[in-house]
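Here are the chains, one letter per residue:
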Amino acid sequence: MATILEPGEIEAAASSPPFLHLPPHNLFTLRAQRLEQLADGHPLAEYLRLIAGLCRVQQQVLDDPPSAEVVDQQRLELCQQHGLPPFAADTLIREDDWQAWLEALLQRYSPPQQPAVVEAITTLRTASAGQLRAWAVALVSGQYSLVPAALVPFLGAALQTAWSHWLLSTPNLQLTPGNSLSQCPACGSPAMAGVIRHRGKHNGLRYLVCSLCACEWHVVRVKCVYCESSKGLDYLSLEDDRYAANQAPLRAEVCPGCNSYLKLVYLENDADAEALSADLGSLLLDMRLAQDGYQRLAPNLLLAPGDE
Ligand code: FE
Ligand code: FE
C-alpha cells in the first residue's frame, strides 16, 4: 500500500511531489466566472454563456446536495487496499445514486428560451431511469454516438456534480496511480486536460484534471500521457497577440508517436485560468489539430465531440 512509508522512503517522499491536488469547493463557480469572461467577444459566446449558467447550477447543487450519502465505507476501504479507484465510474454509473443529482440539477435549472435547450431538458425530465442509465453509461465510456448530442452538457454536468461531491466529501483519501497516466486515480475516468501549476508546493508540476470528478493527479512533464513517449513532442497554441507562442497560457502537447494530444494550461502565464473553461474556450485549436489528423482522446463532458 502506498500509504505506509518505511524509514528509507520518508526522505524520498519528502522531495517527491504530492500525488493529488483536490479541486476547491467552489470549483463550479470558478468555471462559470471564467467562462463568462471568455465569452466576451468569443465566436462561441452563446455556447460559453450557456455552459457558464449550467456551471452555476452545478455549484448550487454541490452546495446543497440532494443526498448527503457518501460512498459506502466498506467499498472505500477495499478499493484503497487494492489500489482501485474508489469512485469507479463504470461501476457507480450503473447503481443510479447519481440520478438524484440529475433531478436536482434539472429542478434548479431555468433554461434560456432556446428551443433546443428546452427540448433537451424536457427529454431528460421525462426519460425513464433505465434510459437515463443507458445514456450515462455511454457518456462515461466515451460512446458519444449513443447519446443525443443535445443532452450531453446537462447529463455531463449532473454526473460531474455527483462525482465531485463524492470526491470532496470523503476525508483522507489515499489514492494510487491508475493503469495509465491519463486515468483518474479517484474514478478511473480519462483526463480532460493538464494544468502546469505555479505556486507553493505544486510549483512547475503538471497535474491532469479528471473529466468527471475534477480530481487532479501528478504526471511528469514532457511525456505523452497516452503512449508515454517523450520523443518529438510539440507544443501548439492558437495565435494570440497578447502572448508569444512559448508563453501561451494554453498549449496542446502533441505526440507524433501516437498521433494524439492533450491540452495544457500554464498558470504562470495566466494565474486565473481553469482547465474546463480553458478547454471550451479553445475549441478552434481542436479543429485545427483534427484537420492535421491528430486525435483527441480527452473528453469534456459538457460537449459532444463534433458538436462545436
Ligand atoms: Fe475522476
Ligand atoms: Fe503518444
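Cut-offs used in this document
- Residues numbered from 1 in each chain as written.
- Chains lettered and ligands numbered in written order.
- Predicted model: local features only at pLDDT ≥ 70, side-chain atom pairs only at ≥ 80, totals over all residues.
- Heavy atoms only, no water.
- Helix = DSSP H or I, 4+ residues; strand = E, 2+ residues; numbered from the N terminus.
- Rg over C-alpha atoms; globule rule 2.2 N^0.38 Å.
- Buried < 20%, exposed > 50% of the residue type's maximum accessible area, 1.4 Å probe, protein only.
- Contact = heavy atoms within 4.5 Å.
- Areas by Shrake-Rupley, 256 points an atom, 1.4 Å probe, with all protein chains shown as cover.
- Lys, Arg positive; Asp, Glu negative; His and termini not counted.
- Charge placed at Lys NZ, Arg CZ, Asp CG, Glu CD.
- Donors = N, O, S within 2.8 Å, 3.2 Å for Na, K, Ca; no water.
- Tetrahedral: all angles 85-135°; square planar, octahedral: opposite > 155°, others 65-115°.
- Core = buried A, V, L, I, M, F, W, Y, C linked by side-chain atoms within 4.5 Å.
- Phe/Tyr/Trp six-rings, centres within 6.5 Å; stacked < 30°, edge-to-face > 60°.
- Axes fitted to C-alpha atoms, helices over the stretch in contact; angles between N-to-C directions.
- Parallel < 35°, antiparallel > 145°, perpendicular 65-115°, else oblique.

Caption draft 1: Seen up close, the overall build of the protein chain. In terms of helices and strands, the protein chain carries 11 helices and eight strands. For 308 residues, the compact-globule estimate of 2.2 N^0.38 gives 19 Å, and the protein chain sits close to it at 19 Å. Seen through its C-alpha atoms, the protein chain measures out along the principal axes to roughly 60 × 55 × 30 Å. Looking at the protein chain as a whole, 48% of its 308 residues qualify as buried. Looking at the protein chain alone, contacts between residues at least 24 apart form 65% of all its contacts between residues at least 6 apart. Entry remark: accessible area of the protein chain is about 14500 Å², with carbon and sulfur atoms responsible for 50%. Charge centroids of the protein chain, computed over 21 positive and 33 negative side chains, lie 3 Å from each other.

Caption draft 2: Inspection of the coordination of the iron ion (ligand 2) at higher detail. At this site the iron ion (ligand 2) is bound by C224 (SG), C227 (SG), C255 (SG) and C258 (SG), with donor distances of 2.2 to 2.3 Å. In this structure, the iron ion (ligand 2) is coordinated by four donor atoms arranged in tetrahedral fashion, with angles at the metal of 103 to 116 degrees. Of note, the iron ion (ligand 2) draws all its donor residues from one chain, in the sequence arrangement C-x2-C-x27-C-x2-C. Here C258 lies in the loop between strand 6 (250-255) and strand 7 (260-266) and C227 lies in the loop between strand 4 (216-218) and strand 5 (234-236), a separation of 31 residues in the sequence. The class for C258 is partly exposed, based on a relative accessible area of 21%.

Caption draft 3: Broad picture of helix 6 (residues 99-108). The complete set of buried residues in helix 6 reads Q99, W101, L102, A104, L105 and L106. Looking at the buried residues of helix 6, the elements they touch are helix 3 (45-63), helix 7 (115-126), helix 8 (129-140) and helix 9 (152-168).

Caption draft 4: Broad picture of unusual backbone geometry. A positive phi angle, close to 50 degrees, is found at N172, a residue other than glycine. Counting through the fold element by element, N172 comes out in the loop between helix 9 and strand 2 (191-196). One non-glycine residue, A214, lies in the positive phi region at around 70 degrees.

Caption draft 5: View of the coordination of the iron ion (ligand 1). Around the iron ion (ligand 1), the protein contributes the donor atoms C184 (SG), C187 (SG), C210 (SG) and C213 (SG), which lie 2.2 to 2.4 Å from the metal centre. With four donor atoms in place around the iron ion (ligand 1) and angles of 95 to 122 degrees between them, the coordination shape is tetrahedral. Read in sequence order, the donor residues for the iron ion (ligand 1) give the motif C-x2-C-x22-C-x2-C. Here C213 lies in the loop between strand 3 (206-210) and strand 4 and C184 lies in the loop between helix 9 and strand 2, a separation of 29 residues in the sequence. There is no split in this pair, since C184 and C213 are both buried.

Caption draft 6: Molecular detail of the nonpolar core. If you look at the biggest cluster of nonpolar residues, it comprises 91 residues, and the most contacted ones within it are F87, W98, L159, W163 and C213. Other than its neighbours up to four places away in sequence, C213 contacts P23, W163, S164, L167, C184, A186 and C187.

Caption draft 7: Quick look at the packing of aromatic side chains. Within the structure shown, the criterion is met by two aromatic pairs. When the centroid spacing of 5.7 Å and the interplanar angle of 50 degrees are considered together, the rings of Y109 and F154 count as tilted. Residue Y109 is found in the loop between helix 6 and helix 7, and its partner F154 is found in helix 9; the two are separated by 45 residues along the sequence. According to the relative accessible area criterion, Y109 is buried, its value standing at 7%. We classify F154 as buried; its relative accessible area is 2%. Centre to centre, the rings of W163 and W166 are 4.9 Å apart; their planes meet at 75 degrees, and the pair counts as edge-to-face.

Caption draft 8: Representation of the packing of helix 8 against helix 9 in the model. Relative to each other, helix 8 and helix 9 sit at 85 degrees, their axes nearing to 11 Å. Accordingly, the angle class assigned to the pair helix 8 and helix 9 is roughly perpendicular. In this structure, helix 8 contributes W135, A136, L139 and V140 to the contact, and helix 9 contributes V152, L155, G156 and L159.

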